[in-house]
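The chain contents come next:
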Amino acid sequence: MSIEVRLHGTLAATRPGLRAGDPFPVELSGDATVADLVAALTLAPEDAHLVIVNGRILHDRAAVLAEGDRVGLFPPTGGG
Amino acid sequence: MERILRVNMTDRTASFEPVPETYRNRAGRWMTSSLVHDEVSPTCHPLGPNNKVIFSPGIVTGTASPTSSRISVGGKSPLTGGIKESNSGTGLGRRLARLGIRALVIEGQPKEKGFWLLKIDAKGAAIEPADAWAGKRLSEVYPALFARFGGKGKVDVCSIGIAGELRMAAAGVCFNDQEGRPSRYAGRGGLGAVLGSKGLKAIVVDDSGAKEVPLADKPTFEQGRKKLADALGEHAITKPKGALNSYGTAVLVNILNEAGGLPTRNFHEGRFEGAAKIAGEAIFAGNKERTGAEVYNHACSPGCVIRCSNTWHRPDGSEHTSCIEYESDWAFGANCGIDNLDQIAELNLLCNDFGLDTIEIGGTLAVAAEGGVWRFGDGVRAIELLHEIGKGTPLGRILGNGAVVTGRTFGVCRVPHVKGQNMPAYEPRAIKGIGMTYAVSPMGADHTAGYTIAPEILGVSGKLDPLNPDKAELARNFQYATAFVDSTGHCLFIAFAILDIASGFEGTVEECNGVLGTAWTMADVARIGKEILDLERDFNRDAGFTAQDDRLPEFMRSEPLPPHNTVWDIADVELDRVFGA
Ligand code: SF4
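Reading guide: rules and limits
- Chains are numbered independently. Their residues run from 1 in the order of the written sequence.
- To label them, take the chains in the order written and letter them from A, then take the ligands in the order written and number them from 1.
- Totals for whole chains, interfaces and linings use every residue, but because this is a predicted model, local features are given only for residues with pLDDT of at least 70 and side-chain atom pairs only at 80 or more, for both listing and counting.
- Only hydrogens and water are removed before side-chain values are computed, so all heavy atoms of the structure are retained for them.
- Only DSSP runs of H or I with at least four residues qualify as helices, and only runs of E with at least two residues qualify as strands; both kinds are numbered from the N terminus onward.
- As defined in this context, the radius of gyration uses C-alpha atoms, and a globule is described by 2.2 Å times the residue total to the power 0.38.
- Accessible area is worked out with a 1.4 Å probe on protein chains only. A residue is then buried under 20% of its type maximum, exposed over 50%, and partly exposed in between.
- We call two residues contacting when some pair of their heavy atoms lies within 4.5 Å.
- Charge assignment in this entry is limited to Lys and Arg as positive and Asp and Glu as negative, and neither His nor the chain termini are counted.
- Just so you know, the charge point we use is NZ for Lys, CZ for Arg, CG for Asp and CD for Glu.
- A pairing counts as a salt bridge when a side-chain nitrogen of Lys or Arg comes within 4 Å of a carboxyl oxygen of Asp or Glu.
- Any pair of Phe, Tyr and Trp rings, taking the six-membered ring for Trp, is counted once the centres come within 6.5 Å. Such a pair is stacked with planes under 30 degrees apart, edge-to-face with planes over 60 apart, and tilted for the rest.
- Pairing between strands is defined by DSSP: at least two bridges between the two strands are required.
- Helix axes are fitted only over the stretch in contact, all axes being lines through C-alpha atoms; the angle between N-to-C directions runs from 0 to 180 degrees.
- Throughout this description, a polar contact denotes any pair of N or O atoms lying within 3.5 Å of each other; where both atoms belong to protein, one of them has to be capable of donating a hydrogen while the other can accept it, and for residues adjacent in sequence the pair is counted only when both atoms sit in side chains.

Q: Can you lay out the overall build of chain A for me, pointing to particular residues and giving the numbers?
A: A tally of helices and strands in chain A yields one helix and five strands. Along the chain direction, N to C, the helices and strands of chain A fall in the order β-β-α-β-β-β. In terms of C-alpha radius of gyration, chain A reaches 12 Å, essentially the compact-globule figure of 12 Å for 80 residues. If one aligns the C-alpha atoms of chain A with their principal axes, the spans along those axes are about 35 × 25 × 20 Å. Expressed as a percentage of its 80 residues, the buried residues of chain A come to 51%. Long-range contacts, defined as pairs at least 24 residues apart, comprise 57% of the intrachain contacts of chain A with a sequence gap of at least 6. Taken as two groups, the 6 positive and 10 negative side-chain charges of chain A have centres that lie 9 Å from each other.

Q: Just give me the short version of the pattern of salt bridges, but keep the residues and values in it.
A: Residues and elements named next belong to chain B. Taken as a whole and judged by the stated rule, the model has 57 salt bridges over all chains. One salt bridge connects Arg95 with Asp207, and the closest N-O pair in it is separated by 2.9 Å. Of the two residues, Arg95 sits in helix 2 (residues 91–98) while Asp207 sits in the loop between strand 12 (200–206) and helix 6 (218–234), which places them 112 residues apart along the sequence. Summarising the burial analysis for this pair, Arg95 and Asp207 share the class buried. Where Asp576 meets Arg551, a salt bridge forms, and the shortest distance between an N and an O atom there is 3.1 Å. Of this pair, Asp576 sits in helix 24 (residues 572–578) while Arg551 sits in the loop between helix 22 (522–542) and helix 23 (555–558), placing them 25 residues apart in sequence. A relative accessible area of 12% means that Arg551 is categorised as buried. Salt bridges linked by common partners bring Arg6, Glu17, Glu39, Lys52 and Glu107 together as one network.

Q: Account for the packing of aromatic side chains, with residues named and values stated.
A: Residue and element names in this part refer to chain B. Applying the stated criterion across every chain, the model contains 12 aromatic pairs over all chains. Each ring, one from Tyr247 and one from Phe284, has its centre 5.4 Å from the other, and the planes form 75°; the classification is edge-to-face. Remark: Phe284 occurs in helix 10 (residues 280–291) and Tyr247 occurs in helix 7 (residues 243–247); sequence separation between them is 37 residues. Note on accessibility: Tyr247 and Phe284 belong to one class, buried. Relative to Tyr426, the ring of Tyr326 has its centre 5.5 Å away and its plane inclined at 55°; by these criteria the two rings are tilted. In this pair, Tyr326 is assigned in helix 11 (residues 326–332) and Tyr426 in the loop between strand 16 (421–422) and helix 17 (432–440), connecting sequence segments 100 residues apart.

Q: Can you lay out the sheet that holds strand 5 (residues 83–89) of chain B for me, pointing to particular residues and giving the numbers?
A: Backbone-to-backbone hydrogen bonds join strands into a sheet, with any given pair of strands oriented parallel or antiparallel. Residues and elements named next belong to chain B. Pairing in this open sheet of six strands is mixed, and the strands run 2-1-6-3-4-5 from one edge to the other. Edge strands, defined here as strands with exactly one partner in the open sheet, are strand 2 (13–18) and strand 5. The average angle at which neighbouring strand axes cross in this sheet is 20°, direction not considered.

Q: Which residues make up the side chain of B:Asp156, and what are the values?
A: Residues and elements named next belong to chain B. In this structure, Asp156 sits in strand 9 (residues 155–159). One polar contact links Asp156 to Arg95, side chain to side chain, over a distance of 2.7 Å. Filtering out sequence-adjacent residues up to four positions away, Asp156 remains in contact with Gly91, Leu92, Arg95, Phe146, Asn176, Ile203, Val204 and Val205.

Written as C-alpha cells, this is what we have:
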C-alpha cells in the first residue's frame, strides 16, 4: 500500500533536498504498522516522538496503517 | 531593602515605599495582579486617571537562575475591560530587581497634553519631557534612547509606539532584546494604550552600582538552580540545538497543521495549504540559503539557556526582523491566508515598530478580510493596512482597536474572541482543552494562560486526545501552575522541561525558597496559583463579568471545522466547572 508521508523538524534533514512538510509516498506491505513505517524511513523509534495520522495523534506505534493514510512524523517539539 | 516605586503622572512625582508585609513574597504576576486587585477600581475607565499600570520582575529575576528575566505588566485592559497580565523577556526586569524595586506603579494622568520619560537608577527616579520621541517608529526611538542613556549594555528600555500614543486597544508594551532591538512585547490586552493615556512614552532603567539580589538561603537556591538548569539542558525541547533553539516557536506551524488545529482564514479551516512555506523549518532553511550559514536562535533576555528567539533575513542576507514567533507567523500567515515569509516578516516588523500586538492585529486583519476590506492572501494590501494604523488614519484607528471593534464596524459576526481578545493560534474546535482555557481565563482568549497544548498535542507531561472533551481539570490545573511560573520570573517555556522532569519543578520551587526564605513545597504551587486566579476572577466579577462571558463565540457551536468537521461541543456547565463557580 502507499502511505503519504511528511517529515518535520530535524527528521526532514535525513532526506537530502526534502523540505519539511512536503509530502512523498512510501510503499509498505498491507499490514504495516506505524513502527514499520518508522523503520522503513530508517529513523530511530525515539526520533518519531509525535505521529499524526489523518489529523489524529497516534501514541500506539503498533497501530496498523491503511492505504492512502496521511502520516506526519515529528521529533520532540515545543513552542507557544 | 525591597521597595515599591510609585510614579504619579498627574504631577510627575515619584516616591519609594517599603513592600507591605502582606506582599512580602509576591512578585511577577502575583504582585501585579494583587496590586491591580487591591488598588484599581474594577469599574474605572481603562484609559482614565483611575487605572494603573504595574510592572514587577519575578521572584528569582536578577539572580543566576536560568531563563528567569521576565517582567510582568498588569492593569485593567482597554481591550477586554477586565484584568490583564502580560509578560515579556527583558533585561529591564533584571535591572529593577537589582535596584531592589519589586514593583513599579504608574498612576494618575496629566491634565496637559504631552509625553514623558521615566529614568530609574540607583539615585532614584526622574521624569523628563519626551515629546521628541513621540510619533516615531520604535526602530528609530530605541537606538536614540540607547545613545542618550549610555548604551545597551548599561540600560534597558521599555516604550510604547504610535499605537499606544493613540490609545489603541491593540497597543502592546515594548521591551528591547539583548541586541537592543525593540522586539519583545508584553503584547496582549492593550496595556500600551494605558501607558499612552498616562503620557508615559518610555522607561529607561540603569542599574549601575546596584547590589546583587539578596538570597535568604543560598545553598537551597543553588540546589534548586542546578536542578532546573539540568532539566532544561536535558529535555529535547529546551536543550541547546533542541527544537526551540533550532526552529523557534514557529516549528509548531506544521504540527498544528497536521493535527487539523491551525486556524486558517479567520478560523474557517483547520489546515493551511501554505503551512510548509511559512513553518519554522522554512525560516531555518531560508535563513541558511540567504546568509550562507545555519542561523541558530538567540536569547531574548539575559541568562536564557533555551534561546528560542529567531531572526528572518532578506534575500541579500541582511536582517529583516526578529522575532517571528509561532503566534505572529500564524496570525499574518495562515490566519490571513498569506504564505510568503517576506510579507509576514514585514507585517511583524511594522507591528514591532508601531507598538502593536501581532496576535490581535493578525486576527483583526482576518476579520477585516471577512468584512470585505481586503482579500485573504493579498500580502501587499495587508502591509498597506498596517501602514494605515501607523499613520493613525480613521481606518487605521479602527483596525488598531482590535478584532471586535473591526468586526462591529464592518458587520462581521464571525469574530473569534473571548472577552474581547482575539484568539491565538490553536483551534478550540479541534483542541478542546485549550478552548476551555480560552473561555474561562480571566485574560480573555489566551494560550499562555494554561498551555494545555503540551499534553494535548505535543506529548509533553502526558498524552491526551485533543478531541476528548473531558478537560475541565486540566484547564484548571494548568492555569494554576502557569500563574505560579509567571510569578517566579521564569519564561513559561521552562514548563516543557519541568512538567516532564519532576526534579526540575522541585528545583524551581527551591530557588524561590532560596530567595525568599520560605519553605514552599509542590503543594504551594497550586495554592499560590489558585490565589492569583481568585484575585483576577474577583476583579473581573466586580468589573461586571459573569459566567456568560466565559464562553466561546456562537459560530463555533454551529460551524464544523475541516478537516475533523467538529464543532465546539463543550457544555456550558463543563466550562463553569473549571473553577467550580
Ligand atoms: S525561552 Fe525564548 S521567549 Fe523564553 S526567555 Fe528564552 S528566548 Fe525568551
